[in-house]
Amino acid sequence: MFDYDLLVVGSANADLMIDVERRPAAGETVLGSDLAVHPGGKGANQAVAAARLGARTALVARVGDDAYGRLLLDSLRAAGVDTVGVLVGETATGVALITVDPSGDNSIVVSPGANAHLTPTDIRAAVSVFLASRVVSAQLEIPLESVVEVVRNLAPDSRFVLNPSPPRPLPTEVLAACDPLIVNEHEARVILGDSCVSEDPEDWARLLLAKGPRSVVVTLGAEGALVCESTSGVTRVPSVKVDAVDTTGAGDAFAAALAWKLGTGTPLPDAAAYAARVGAAAVTKRGAQESYPTAKEVGAL
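## Concerning the sheet that holds strand E6 (residues 94–100)
Then step 1. Across the sheet, which stays open at both edges, the four strands sit in the order E3-E2-E6-E7 with mixed pairing between neighbours. Looking along the sheet, the strands with just one partner apiece sit at the ends: strand E3 (36–40) and strand E7 (106–111). Taking each pair of neighbouring strands and ignoring which way they run, the sheet shows an average axis angle of 25 degrees.
Then step 2. Judged from the seven bridges that link them, strand E2 (residues 13–19) and E6 form a sheet pairing that is parallel. Within E6, the position partnered with Asp19 by the bridge is Val100.
Then step 3. Against the sheet, helix H2 (residues 67–79) contacts E2, E3 and E6, and its axis sits at roughly 55 degrees relative to E3.

## Some details on the pairing of E6
Then step 1. The buried count for E6 comes to five of seven residues, which makes it a mostly enclosed element.
Then step 2. As defined by bridge partners, E6 adjoins E7 across six bridges and the pair is classed as antiparallel. Looking at E7, one finds that Ile98 is bridged to Ile108.
Then step 3. The loop that links E6 with its antiparallel partner E7 comprises five residues; one of these, Gly104, has a positive phi angle of about 95 degrees.

## Here we look at the side chain of Ser165
Then step 1. The residue Ser165 is located in the loop between strand E9 (159–163) and helix H6 (172–177) in this model.
Then step 2. A distance of 3.2 Å separates polar atoms of two side chains, one belonging to Ser165 and the other to Glu187.
Then step 3. Aside from chain neighbours lying at most four places away, what touches Ser165 is Lys42, Gln139, Leu140, Glu141 and Glu187.

## A few points about unusual backbone geometry
Then step 1. Cis geometry is found at the peptide bond from Ser165 to Pro166, where omega equals 0 degrees.
Then step 2. Tracing the backbone through its elements, the reader meets Pro166 in the loop between E9 and H6.
Then step 3. Here the residue pair Asp179 and Pro180 is connected by a cis peptide bond, since its omega of 10 degrees sits within 30 degrees of zero.
Then step 4. Mapped onto the elements of the fold, Pro180 is located in strand E10 (residues 178–183).

Reading guide: rules and limits
Residues numbered from 1 in each chain as written. Predicted model: local features only at pLDDT ≥ 70, side-chain atom pairs only at ≥ 80, totals over all residues. Heavy atoms only, no water. Pairing = 2+ DSSP bridges. Helix = DSSP H or I, 4+ residues; strand = E, 2+ residues; numbered from the N terminus. Axes fitted to C-alpha atoms, helices over the stretch in contact; angles between N-to-C directions. Contact = heavy atoms within 4.5 Å. Buried < 20%, exposed > 50% of the residue type's maximum accessible area, 1.4 Å probe, protein only. Polar contact = N/O pair within 3.5 Å; in protein donor to acceptor, adjacent residues only side chain to side chain.

Structure representation (structure tokens):
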């Protein structure tokens, strides 16, 4: 019996957000809205999103002993996330600088801060949490060597889900553990490298699967998503049409919902369809963690 439906290993950031009419060109200054500070970071976002849906969730991460760290811990605990694996101290909490344009699209620059200090030693120290978790999810806002250590500490019957963001080439050991590997267009192109000569996302999915993951999900924004498994080929998952207000954290909501549903035994295409509804609900509100829906709200959508 697993104690946690989902263990998330990843980043925790303070999101510093400004609305802009347009992004500045090189050397240009533009005026924006008042600064808003929200709890964020891909790891913390996924943990909160899953907990809001009803998953028993834990997080392994690092934050600073500062106001931003306290903001993040308060948000995690309010959502019901177990923070036993969140380490505090050493260096300042990570920060993401985010601009949001009138269409809801965002641009993000991350200063890793404490996230860069989540080491393989920290991962090994949390082995008891890994053994108690049905599904483990990770991203790449922490050191890659720590993600490798995550793979090495998975429980025998657990499942590993990876969103390689920000993208970089991945070791074979990590790729082989992914079930699924979740990528958007940019992430797919980076991981495929020179082998990405096609403009067809279905080809990207097949090429990524050939690199070793057990399954692949390619998210396509307003075009929905693609699911690729060796047993059933490529399946298209339609999008859910909503009026987008802010896309910040929507991909994290999708990944969290997908990982949780897979842990319940839901087939991958059905889990992706549910995750698409969760991501759609998230873009209808401002911020990342504040925008994440409950299971009841997803059902209403």
